[in-house]
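# Inside the fold
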Amino acid sequence: MGLLSDPNRRRALISLLTRLNAPICVVCYMAGVAWFMGLAFEPFTLRTYMSENAMGSTMVEERFPAGERALATGREFSAHKKKVGGMPVDWLVKTMQARGLEVFTQRFSRTLPFPDENKERYLVKGTNVYGILRAPRAPRTEALVLSAPCTPGDNNNQAVGLLLGLAQYFRNQVYWAKDIIFLVNEHDLIGMQAWLEGYHHTNTTGMDWSPLQGRGGSIQAALSLELSSDVITSLDLVLEGLNGQLPNLDLANLFYAFCQKIGVLCTIQGKLQRNDWDSVSGYSHSVQTMMLMVMKQASGRPWGDHGLFLRYHIEAATIKGINSFRQYKSDTTTIGRLLEGMYRKLNNLLERLHQSYFFYLMPSLSHFVSIGYYMPAFGLLAVILLLRALDLWVQLATPPPRTEDGVADTDTLIKSAPSQMSSPGVLSVLTPLVISHLTGVEVAVEHFPVSETEAVVLTAIAIYTAGLALPHNTHRLLSGEGTEQGWKVLKLVAVLYLAVLLGCTALINFSLGFILALTLVPVAAFVTPHVPKILSAFILVILSPACTLLFSVFFFQELQEMPVSFIDGWMLFLSVISQGILDHSLYGSLVYPLIALLVYPCWLLFWNILFWK
């Protein structure tokens, strides 16, 4: 405290920070990247452990015997689905009723703002079917959900068969203390969104749905099941939800514990765990797994039906069955026993899952990185912005140089007459801010006068590109040219704006905040009107939000070991933009409006500074 309270020491510290500002910024950036890359090294991570006492042991006896019968039910479901050309609602209702469940249906419809070409749909109509197994030993105030989406073709028929098989088996057990809801939703996320809105009496997306006639208790946890093969080689756990939300870590720990007990191969991000962490290939594998999680979380979209449950503070995950070239196989009975064990443990919960972490990264299912370990990597990048802001503040507050007799140097004042002597007006700073954000609003506004996906995406890209003319528009509105202090004030505002924006983003979605910081912090640090224009403009465009997204598409494909050509990557880039707009419109994803309304206008401020006159 004495260092800051003593004026002489405070001035010395500020002088040191401003004199070594550039080297300190470079060191902080390199340290931040190195810290993040070190998070995947196993000695720097924590081993997963069960925090919830009610789920601390896997000592339950799993007895589910009806795997073959479940597959037969799945084949029957597939036949009826082909017969009716969609969801066999009547057959599902009769089948669930025959298993002793209280069965209800929900109709829903949604007109998309423009066609979803990935799934070839525009007007979506469907029906959800769900059955409730009432708890025989409790007042029915809490519930668990097991869901399986009804997808087109031959996909996920085995999951529906297993769901119905588990419903019949669970009906004959007497130890359930919570209602169990068995849900078959149509049209994947849209159907799940309709059911959740109906269950919680909310309508946040403007979807049309019929009210639910039957409800269980307050939902404590949910699992979504995806199986498209009679046998599987491994089970993949999907955690990433809407806007980067993650379920409580204990849910992942529970899945991993039962996979270890029953002997089922389990993966995360489709990657098996390796034991050679001290080798280069083992470390590279951990980095690849962690980066896949970072990229998925940064996208802000739900990567499974479970992703929409997290909005309602319901801990949920998706379990996907993978049938690959591995010789090790697990049958449906084994998967049924794993789910039985998990639901019996969730049945023991006395309160919602809350004792473990909600903010984490996972380089493997047995190790995790908590928020206290990964936030310093972001902090090292964010401190660069504060250092640059301090340097600009000192430059603006420094008085003109004086001679030995205390009189201002006339020659210096004459040379700096238009710059140092004239202070920037409010208009010179406010105008770029207003125009930048108006451009962002134009990008964010839903331009849906046409019914073609390409037209919507290309319109957004065209407006985005037109924003590069901002410096010319700004100076047309300004009377005269900008001053030397003017761009410094504007950059000070832009740097502080970016620091607050990235900080708030990282608190909600660390992965998105960190990726944006990697690209935008160098821009904020080096850009001035005095750097070489052509080279600096090229660097700014390369580090702009749109190019960051384009590079992320190629990087994500490389991480998945599915590299694409430039043409295919460009088409994926356009598809990602259209999907981001749809996710915002259908489910409330915040990534697209965040980029359009805040991140892109902030980048335009630095673009304006580069071409400051």
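Thresholds applied
- Numbering of residues starts from 1 in every chain and runs along the sequence as written.
- The model is predicted, so local features are restricted to residues of pLDDT at least 70 and side-chain atom pairs to those at 80 or more, both for listing and for counting; the totals for chains, interfaces and linings are taken over all residues.
- Based on all heavy atoms of the structure, the side-chain values leave hydrogens and waters out of the count.
- Secondary structure is summarised from DSSP: a helix means a run of H or I of at least four residues, a strand means a run of E of at least two, and numbering begins at the N terminus for each.
- Only protein chains enter the accessibility calculation, which uses a 1.4 Å probe. A residue is then buried if its area is under 20% of the maximum for its type, exposed if over 50%, and partly exposed in between.
- Any two residues whose heavy atoms approach within 4.5 Å at even a single point are treated as in contact.
- All accessible-area figures derive from a Shrake-Rupley calculation using a 1.4 Å probe, and residue coverage is judged against the displayed protein chains alone.
- Inter-axis angles, ranging from 0 to 180 degrees, are taken between N-to-C directions of lines fitted to C-alpha atoms, where helices are fitted over the stretch in contact.
- Oblique is the label for any angle not under 35 degrees, not over 145, and not in the 65 to 115 range, which are roughly parallel, roughly antiparallel and roughly perpendicular in turn.
- Note on residue categories: nonpolar means Ala, Val, Leu, Ile, Met, Phe, Trp, Tyr, Cys or Pro, charged means Asp, Glu, Lys or Arg, and polar means any other residue, Gly included.
- Between any two strands, at least two bridges found by DSSP are needed for them to pair.
- UniProt positions are given in the numbering used here, feature names are shortened, and annotations may be inferred rather than shown by experiment.
- Put simply, two rings from Phe, Tyr or Trp (the six-membered ring, in Trp's case) pair if the centres are within 6.5 Å, and we call them stacked under 30 degrees between planes, edge-to-face over 60, tilted for the rest.
- We call a charge positioned over a ring when the NZ of a Lys or the CZ of an Arg lies within 6 Å of the ring centre and within 35 degrees of the ring normal.
- For patch building, the residue pool is restricted to those with more than 30% relative accessible area and no salt bridge; the joining distance is 9 Å between like charges and 5 Å between nonpolar side chains (Val, Leu, Ile, Met, Phe, Trp, Tyr).
- Salt bridges are counted wherever a side-chain nitrogen of Lys or Arg sits within 4 Å of a carboxyl oxygen of Asp or Glu.
- As used in this structure description, the phrase polar contact means that two N or O atoms lie within 3.5 Å; if the pair is within protein, one of them must be able to donate a hydrogen and the other to accept it, and residues adjacent in sequence are counted only when both atoms belong to side chains.
- One confidence number per residue, pLDDT, is output by the predictor and ranges from 0 to 100.
- The disulfide criterion is simple: two cysteine sulfur atoms within 2.5 Å.

Once that is clear, we can look at the overall build of the protein. A tally of helices and strands in the protein yields 22 helices and 13 strands. Expressed as a percentage of its 613 residues, the buried residues of the protein come to 54%. Here the analysis covers contacts within the protein between residues at least 6 apart in sequence; of these, 81% occur between residues at least 24 apart. Carbon and sulfur atoms provide 62% of the accessible area of the protein, an area that totals close to 26,500 Å².

Moving on, we get to the packing of helix H3 (residues 21–38) against helix H9 (residues 280–299). In contact at an axis separation of 10 Å, H3 and H9 are set at 105 degrees when each is read in the N-to-C sense. Taken together, the axes of H3 and H9 are roughly perpendicular relative to one another. Counting all contacts with H3, which are made through Phe36, Met37 and Gly38, the residues of H9 involved are Tyr283, Val287, Met290, Met291 and Val294. Taken together, the residues that form the contact of H3 with H9 break down as seven nonpolar, one polar and no charged.

Pairing within the open sheet is antiparallel, and its three strands lie in the order S1-S13-S12. The open sheet has two free edges, formed respectively by strand S1 (46–47) and strand S12 (360–364), since each of these has just one partner strand. In terms of strand pairing, S12 meets strand S13 (residues 367–370) through three bridges, oriented antiparallel. Note that in S13 the partner of leucine 361 across the bridge is valine 369.

Turning our eyes to something else, we now look at the UniProt feature "transmembrane region" (unreviewed entry) in the protein. The sites that carry the UniProt feature "transmembrane region" (unreviewed entry) are, in the present numbering, residues 20–41, 371–390, 495–528, 534–556, 563–582 and 594–612. A helix fraction of 91% and a strand fraction of 0% characterise residues 534–556, whose end C-alpha atoms lie 30 Å from each other. The span residues 594–612 carries 89% helix and 0% strand; its end-to-end C-alpha distance comes to 26 Å.

Right, let's talk about the packing of aromatic side chains for a bit. Tallied over the full model, the rule gives 24 aromatic pairs. Consider the rings of tyrosine 600 and tryptophan 603, whose centres lie 6.3 Å apart with planes at 15 degrees: the pair is stacked. Here tryptophan 603 and tyrosine 600 lie together in helix H22 (residues 591–610), a separation of three residues that amounts to about one turn. Classification of tyrosine 600 as buried rests on a relative accessible area of 1%. Cluster of aromatic residues (ring-pair linked, three or more members): Phe64, Tyr169, Phe170, Tyr175, Trp176, Phe182 and Tyr343. Here the guanidinium or amino end of lysine 296 rests over the ring plane of tryptophan 303, the centre of that ring lying 5.1 Å away.

On to a nonpolar patch on the surface, then. Residues Phe566, Ile567, Trp570 and Met571 make up a contiguous nonpolar surface patch of about 440 Å² in total accessible area. Counting through the fold element by element, phenylalanine 566 comes out in helix H21 (residues 566–587).

Another point: the pattern of salt bridges. Pairing between side chains becomes possible if they bear opposite charge and their charged atoms approach one another. All told, the structure shown has ten salt bridges when counted by the stated rule. The salt bridge partner of lysine 271 is glutamate 561, with a shortest N-O separation of 3.5 Å. Of this pair, lysine 271 sits in strand S10 (residues 271–272) while glutamate 561 sits in the loop between helix H20 (545–559) and H21; the two residues are 290 residues apart in sequence, bridging distant segments of the chain. Here the residues in one salt-bridge network are Glu102, Arg134 and Asp179, joined through shared partners.

Running from amino to carboxyl end, helix H19 (residues 533–542) crosses H22 at an angle of 175 degrees, the nearest separation of the two axes being 11 Å. As far as their axial angle goes, H22 and H19 are roughly antiparallel. Between H19, through Lys533, Ser536, Ala537, Leu540 and Val541, and H22, the contact on the second element is made entirely by Trp603, Phe606, Trp607 and Leu610. Taken together, the residues of the contact of H19 with H22 sort by class into seven nonpolar, one polar and one charged.

With that settled, the discussion passes to the pairing of S13. Across the two faces of S13 the burial is the same, with His367 and Val369 and Phe368 and Ser370 all buried. Where S1 and S13 come together, two bridges link them in antiparallel fashion. Across the sheet, the residue bridging to leucine 46 is phenylalanine 368, located in S13. Between S12 and S13, which pair antiparallel and follow one another directly, the connecting turn spans two residues.

Here the focus is unusual backbone geometry. The backbone of histidine 201 shows a phi angle near 55 degrees, a positive value even though the residue is not glycine. Along the polypeptide, histidine 201 turns up in the loop between helix H7 (188–199) and strand S6 (208–209). In this model, histidine 313 sits at a positive phi of 60 degrees, which is unusual for a non-glycine residue. Among the structural elements, histidine 313 can be located in the loop between H9 and strand S11 (315–322). Taking relative accessible area as the criterion, histidine 313 reaches 61% and is therefore assigned exposed.

Within the secondary structure layout, serine 234 lies in strand S8 (residues 234–238). Exposure remark for serine 234: the relative accessible area of 1% places this residue in the buried category. Residues serine 234 and isoleucine 322 lie 88 residues apart in sequence; the distance between their C-alpha atoms is 5.4 Å. Discounting chain neighbours no more than four positions away, the residues touching serine 234 are Leu265, Thr267, Lys320, Gly321, Ile322 and Arg326.

Residue placement: threonine 318 occurs in strand S11. A C-alpha to C-alpha distance of 8.5 Å links threonine 318 and tryptophan 303, two positions 15 residues apart in sequence. Ignoring any residue separated from it by four or fewer positions in sequence, one finds threonine 318 in contact with Ser224, Glu226, Asp236, Leu237, Val238, Gly304, Asp305 and His306. A polar atom in the side chain of threonine 318 sits 2.7 Å from the side chain of histidine 306.

Bringing the confidence of the model for the protein into the picture now. Put simply, the protein has an average pLDDT of 84, and 86% of its residues get 70 or more. Here residues 410–422 is modelled with pLDDT under 50, and outside its nearest four sequence neighbours on either side it reaches 14 contacts, counting other chains as well.

It is worth spelling out the pairing of S11 at this point. Inspection of the sheet shows strand S7 (residues 218–226) paired to S11 by six bridges, in the parallel sense. Each residue of the ladder has a partner; that of leucine 223, found in S11, is alanine 317. Examined bridge by bridge, S8 and S11 share five bridges and lie antiparallel to one another. Pairing of serine 234 across the sheet is with isoleucine 322, part of S11.

Right, let's get into the state of the cysteines. One pass over the full model with this rule turns up zero disulfides. As a non-bridged cysteine, cysteine 259 has cysteine 266 as the owner of its nearest cysteine sulfur, 4.3 Å distant. Judged by relative accessible area, which is 1%, cysteine 259 ranks as buried. Judged by its relative accessible area of 10%, cysteine 266 is buried.

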